[in-house]
Protein chains: 2
Amino acid sequence: MKKTFLAAVAAAACATSLGAAAQFQKPEDAIKYRQSAFTVLAAHFGRVAAMAQGKAPFDAKAAADNGAIAATMAPLPFAGFGAGTDKGRPNRAKPEVWSKAADFKAKADDMQAAMVKFGEASKTGNLDTIKAAVGDVGKTCKACHDDYRAEQYSAN
Amino acid sequence: MKKTFLAAVAAAACATSLGAAAQFQKPEDAIKYRQSAFTVLAAHFGRVAAMAQGKAPFDAKAAADNGAIAATMAPLPFAGFGAGTDKGRPNRAKPEVWSKAADFKAKADDMQAAMVKFGEASKTGNLDTIKAAVGDVGKTCKACHDDYRAEQYSAN
C-alpha cells in the first residue's frame, strides 16, 4: 500500500518535472505540503496583484521580489496531488483532480506558464505590463479552482 | 490597531531583508504564511537530509533541485513573525520569539546562512560535502527550535 502510494507520487512528480522531489511518507504529508505551497504562492502573487488592482502602492522592487518568489513556487504544489492523496487531512481537492487528471494537469500547466510570464513581467517596473500578467495568471487560477477546488473542506 | 500591526510587520520585513514583501491583513494570515513556508522548507531540506542519513538513495540531481528550493525558502518564514502575531491561529511560537527578539533573529540568521551554504553544497554531487552541510543546517534548526518552538500548539 505504502509502496503503491509512493510509486503514484513518483509518477506525479515526473509529470510536474520535479523528478525525485516528491517523496511523502503519508498522504497527509502530501496534502499539507501542497496546501502550504499554495499559501506561500498566493501570498507573494497576491502582493503584486494588490498593486495591480490599486489596493497597494506600486513598489517596483517589491513587485520584482515577490514575482520571483511566486514564479519559483508555482510548480511546487502539484507534486502533492499524487494518487491516494484525496484524504488524510481536510482539503478542498475535488475527486475530479484524479478522475480528470489530464485536464487538471493541463490547467496546472497553464497556471505555471502564466506564472513564468508573470515573473518576467514583475521585473519590468512597468505597472501596465504587470497588470496584464496578473490578469492572465488570475484567469488560470480561476479556471482550475472552478473545476477542481471545492467550496468546503473535506472532513479528513 | 491594524495600522500598528502592519507597521510592526513592515519593520520585521526590513529585518529579514524582504522589504515590502511582508504585508499581511491579519495576524492569522502571517501565522499561516510562516507555518506554510516552514513546511515547504522542511519538505525540501528533508529530502536531501534523508539522502545524507542513508534513508534514501543518493540522487545528485534531486539533491541539487531540492537544495535550491530550500535555499530560496529559508528567508521567507521570518516575515511572518511580526509583533502581534503570537495569536490568531494555533501555533508553536514561544513568547520568547518577541521578548528575546534579537537572539531569535540571530538564530534565524544562522539558519539562513547555513541554508545558503547547504544550497551550494547540494549542487556539488559530493555526498560527503552534502552530509556536512546538512549537519550544519540541522544544528541551526535545533538551536532555534530548542529555545523558541513549543512542544504543543497554542489554543489560538
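Let me sum up the structure you'll find in this document. (Residues numbered from 1 in each chain as written. Chains lettered and ligands numbered in written order. Predicted model: local features only at pLDDT ≥ 70, side-chain atom pairs only at ≥ 80, totals over all residues. Heavy atoms only, no water.)

Comments concerning the overall build of chain A
Okay, so step 1: In terms of helices and strands, chain A carries 6 helices and 0 strands.
Okay, so step 2: Sequence-ordered secondary structure for chain A, helices as α and strands as β, is α-α-α-α-α-α.
Okay, so step 3: For chain A, buried positions account for 42% of its 156 residues.
Okay, so step 4: For chain A, the share of sequence-separated contacts (at least 6 apart) that also reach a separation of at least 24 residues comes to 76%.
Okay, so step 5: By element, 58% of the accessible surface of chain A is carried by carbon and sulfur atoms, the whole surface being about 7600 Å². (Helix = DSSP H or I, 4+ residues; strand = E, 2+ residues; numbered from the N terminus. Buried < 20%, exposed > 50% of the residue type's maximum accessible area, 1.4 Å probe, protein only. Contact = heavy atoms within 4.5 Å. Areas by Shrake-Rupley, 256 points an atom, 1.4 Å probe, with all protein chains shown as cover.)

Re the side chain of Asn 91 of chain B
Residue and element names in this part refer to chain B.
Okay, so step 1: You can see Asn 91 is positioned in the loop between α3 (60-73) and α4 (96-99).
Okay, so step 2: The exposure class assigned to Asn 91 is buried, which follows from its relative accessible area of 3%.
Okay, so step 3: In this structure the side chain of Asn 91 is engaged in a polar contact, spanning 2.9 Å, whose partner is the backbone nitrogen of Ala 93.
Okay, so step 4: With residues up to four places along the chain from it excluded, the contact list for Asn 91 reads Ile 31, Arg 34, Gln 35, Asp 86, Gln 152, Tyr 153, Ser 154 and Asn 156. (Polar contact = N/O pair within 3.5 Å; in protein donor to acceptor, adjacent residues only side chain to side chain.)

A short note on the environment of Met 73 of chain B
Okay, so step 1: You can see Met 73 of chain B is positioned in helix α3.
Okay, so step 2: Residue Met 73 of chain B is classed as buried on the basis of its relative accessible area, which comes to 0%.
Okay, so step 3: For the pair formed by Met 73 of chain B and Asp 146 of chain B, sequence separation is 73 residues and the distance between their alpha carbons is 21 Å.
Okay, so step 4: Here Met 73 of chain B is in contact with Val 40 and Met 73 of chain A together with Ala 37, Val 40 and Leu 41 of chain B, once residues within four sequence places are set aside.

Looking at the interface of chain B and chain A
Reports often express the size of an interface as the amount of accessible area lost when the parts come together.
Okay, so step 1: Each side of the interface is counted separately: chain B has 22 residues, and chain A has 22 residues.
Okay, so step 2: Taking both sides of the interface into account, the surface hidden between chain B and chain A amounts to around 1800 Å²; carbon and sulfur atoms contribute 63%.
Okay, so step 3: Counting the contacts that link chain B with chain A gives 0 salt bridges.
Okay, so step 4: Taken together, chain B and chain A are joined by 2 residue pairs in polar contact (both at pLDDT 80 or more). (Buried area = accessible area lost by both parts, 1.4 Å probe. Salt bridge = Lys/Arg side-chain N within 4 Å of Asp/Glu carboxyl O.)

Overview of the state of the cysteines
Okay, so step 1: Enumeration according to the criterion identifies 0 disulfides over all chains in this entry.
Okay, so step 2: Its sulfur unpaired, Cys 141 of chain A is 8.7 Å from the next cysteine sulfur, which belongs to Cys 144 of chain A. (Disulfide = S-S within 2.5 Å.)

Points about the relation of the copies chain B and chain A
Okay, so step 1: The transform that puts chain B on chain A rotates by 180° and translates by 0.0 Å along the axis, for an RMSD of 0.0 Å. The symmetry that links the two subunits is that of a two-fold axis. Considering only C-alpha atoms, the residue of chain B closest to the rotation axis is Ser 36 of chain B, which sits at 2.1 Å.
Okay, so step 2: Interface residue correspondence from chain B to chain A reaches 100%, placing this contact among same-surface, isologous pairings. (Least-squares fit on C-alpha atoms with pLDDT ≥ 70 in both.)

Concerning the environment of Lys 117 of chain A
Okay, so step 1: Looking at the element boundaries, Lys 117 of chain A is found in helix α5 (residues 101-121).
Okay, so step 2: When the C-alpha positions of Lys 117 of chain A and Thr 85 of chain A are compared, they lie 30 Å apart, and in sequence the two are 32 residues distant.

Focus: the packing of α5 of chain A against helix α6 (residues 127-148) of chain A
Residue and element names in this part refer to chain A.
Okay, so step 1: Put simply, α5 and α6 touch, their axes get as near as 9 Å, and they point 165° apart. The angle between the axes of α5 and α6 places the two elements in the roughly antiparallel class. Both α5 and α6 take part in a crossing whose hand is left-handed. Between α5 and α6, the residues in contact are Asp 103, Phe 104, Lys 107, Asp 110, Met 111, Ala 114, Met 115, Phe 118 and Ala 121 and Thr 129, Ile 130, Ala 133, Val 134, Asp 136, Val 137, Thr 140, Ala 143, Cys 144, Asp 147 and Tyr 148, respectively.
Okay, so step 2: Taken together, the residues of the contact of α5 with α6 sort by class into 13 nonpolar, 2 polar and 5 charged. (Axes fitted to C-alpha atoms, helices over the stretch in contact; angles between N-to-C directions. Parallel < 35°, antiparallel > 145°, perpendicular 65-115°, else oblique. Left-handed = near helix turned anticlockwise from the far one by under 90°. Nonpolar A, V, L, I, M, F, W, Y, C, P; charged D, E, K, R; others polar.)

As for the packing of aromatic side chains
Okay, so step 1: The tally for this structure, following the rule as stated, stands at 18 aromatic pairs over all chains.
Okay, so step 2: Where Phe 81 of chain A meets Phe 104 of chain A, the ring centres are 5.0 Å apart and the plane angle is 65°; that geometry is what we call edge-to-face. Here the residue Phe 81 of chain A occupies a position in the loop between α3 (60-73) and α4 (96-99), and Phe 104 of chain A occupies one in helix α5, the gap between them amounting to 23 residues. Each member of the pair, Phe 81 of chain A as well as Phe 104 of chain A, carries the same accessibility label: buried.
Okay, so step 3: Three or more aromatic residues joined by ring pairs make a cluster, and in this case those are Phe 38, Phe 78, Phe 81, Trp 98, Phe 104 and Tyr 148 of chain A.
Okay, so step 4: Seen from the ring of Tyr 33 of chain B, Arg 47 of chain A lies directly overhead, with NZ or CZ sitting 5.3 Å from the centre. (Phe/Tyr/Trp six-rings, centres within 6.5 Å; stacked < 30°, edge-to-face > 60°. Lys NZ or Arg CZ within 6 Å of the ring centre and 35° of its normal.)

Some thoughts on the nonpolar core
Okay, so step 1: Membership of the largest hydrophobic core comes to 74 residues, with the highest contact counts inside it found for Met 73, Met 115 and Phe 118 of chain A together with Met 73, Met 115 and Phe 118 of chain B.
Okay, so step 2: Of all the elements in the fold, those that place two or more residues in this core are α2 (27-52), α3, α5 and α6 of chain A together with α2 (27-52), α3, α5 (101-121) and α6 (127-148) of chain B.
Okay, so step 3: Excluding residues that lie within four positions of it along the chain, Phe 118 of chain A makes contacts with Phe 45, Val 48, Gly 67, Ala 70, Ala 133, Val 134 and Val 137 of chain A. (Core = buried A, V, L, I, M, F, W, Y, C linked by side-chain atoms within 4.5 Å.)

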